[in-house]
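Secondary and tertiary structure notes
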Amino acid sequence: PDSDYSTFVGAYKPTSIEVPVRDVTGKVIVENGKQVTENRIVYEFVEQAFLQAYTKAWKAYANAAAGETPSELYLVIEEINRGNCAQIFGDLFQLLDRNASGFSDYPITADKDMKKQLAKAFKDLVISDEKRINAIYAQDIVSQVLSGDVLLLPDNLYIWATMNTSDQSLFPIDSAFKRRWDWEFVPI
C-alpha cells in the first residue's frame, strides 16, 4: 500500500559521498600526508525495479548480434492488487499495450530526470536490430529510446504479476489497467 511511482520506477534520493575538505582558499587540506575527507550528502537518481529491468532489456538488445534474439527479462510483481496501480505505474501503464511485434504500441515521453538517467545508462549503446524496430514505428524510435527521450517496452521484457483473489484487495484495479494484461487463473 505504501508503494508509489518513485519506489517502482525511481527518484532522486539522498546518498553520501566522500569528498576532500578544502580550506577557505579552495586548497585541499592534507594532514600527515593524507587528504582530509568528509562525507557529504548529495542527491542522485536511484533506479528502482522497473527502470532496472527496462535498462537491462535494452542492453540485452545491444548485446545480441544482428538477427539474434536478445535474452528475455522478467519483472515479477507480487500481489499487484495490494498497491494503488494508478499511483505506482502512472503513465507507464500505456506501455503495457503491445503490438504484434511485442513492443509497446504507445511510446511515452520521459520526464527530464528519467531522460537524464536513461541517456547515461544507454551511453554508447548500439542496437544491431535498429532497422527492424524503426520499421515498426516508421520513424527513428531507437535513437529516441537510447537518448532517453522516449520510453518503449522492448519485446524481450515481460512484466508478470500475481494477485491473490481470495484476499480482500486494498485497492480495486480499474478496467483500463486490467485490459492491458493477459489473465491466467492458477489454482492452489
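Refer to the structure above for everything that follows.
Residues numbered from 1 in each chain as written. Predicted model: local features only at pLDDT ≥ 70, side-chain atom pairs only at ≥ 80, totals over all residues. Heavy atoms only, no water.

**Notes on the pattern of salt bridges**
Under the convention used in this document: Every case where a carboxyl oxygen of Asp or Glu lies within 4 Å of a side-chain nitrogen of Lys or Arg is listed as a salt bridge. Burial classification: accessible surface area is computed with a 1.4 Å probe over protein chains only, and a residue below 20% of its type maximum counts as buried, one above 50% as exposed, and the rest as partly exposed.
On inspection of all chains with the given rule, the structure shows seven salt bridges. A salt bridge links Arg40 to Glu38; the shortest N-O distance between them is 2.7 Å. Judged by relative accessible area, which is 34%, Glu38 ranks as partly exposed. A salt bridge links Lys123 to Asp124; the nearest nitrogen and oxygen atoms lie 3.7 Å apart.

**What about the side chain of Arg180?**
The criterion, for reference: Numbering of helices and strands runs from the N terminus, with a helix taken as a DSSP run of H or I at least four residues long and a strand as a DSSP run of E at least two residues long. Here a polar contact means two N or O atoms within 3.5 Å. Within protein one must be a hydrogen donor candidate and the other an acceptor candidate, and residues neighboring in sequence count only if both atoms are side-chain atoms. Contacts are assigned to residue pairs with any non-hydrogen atoms lying within 4.5 Å of each other.
Within the fold, Arg180 resides in the segment after helix 7 (175-178). A distance of 2.5 Å separates a polar atom in the side chain of Arg180 from the backbone oxygen of Ala176. Excluding residues within four positions of it along the chain, Arg180 makes contact with Phe93, Gln94, Leu96 and Asp97.

**Overview of unusual backbone geometry**
With phi around 50 degrees, Glu79 is a residue other than glycine that occupies positive phi space. In this fold, Glu79 is placed in the loop between strand 5 (73-77) and helix 3 (85-89). For Glu79, a relative accessible area of 25% puts it in the partly exposed group. In the Ramachandran plot, Asp124 falls in the positive-phi region, its phi being about 65 degrees despite a non-glycine side chain. Residue placement: Asp124 occurs in the loop between helix 4 (112-121) and helix 5 (130-137). With a relative accessible area of 69%, Asp124 lands in the exposed category.

**Focus: the packing of aromatic side chains**
The relative placement of two aromatic rings is captured by the distance of their centres and the angle of their planes. We apply this condition: Any two of the Phe, Tyr and Trp rings considered here, Trp counted by its six-membered ring, make a pair once their centres fall within 6.5 Å; the pair's planes then place it as stacked at under 30 degrees, edge-to-face at over 60, or tilted in between.
Per the counting criterion, the structure on display carries 13 aromatic pairs. Seen in terms of ring centroids, Tyr12 and Phe45 are 5.6 Å apart; in terms of plane orientation they differ by 85 degrees. Their pairing is edge-to-face. Here the residue Tyr12 occupies a position in strand 1 (residues 10-20), and Phe45 occupies one in strand 4 (residues 37-47), the gap between them amounting to 33 residues. Counting every residue linked through ring pairs, the aromatic cluster contains Phe8, Phe50, Tyr54, Phe89, Phe122, Phe177 and Trp181.

**Quick look at the pairing of strand 5**
Rule in force here: The rule for pairing is simple: two strands pair if DSSP sees at least two bridges between them.
Burial along strand 5 is one-sided: the residues Leu73, Leu75 and Ile77 are buried and none of Tyr74 and Val76 is. In this sheet, strand 8 (residues 157-161) lies alongside strand 5 in parallel orientation, the contact comprising five bridges. Paired with Leu73 across the strands is Leu157, a residue of strand 8.

Structural measurements only, silent on function.
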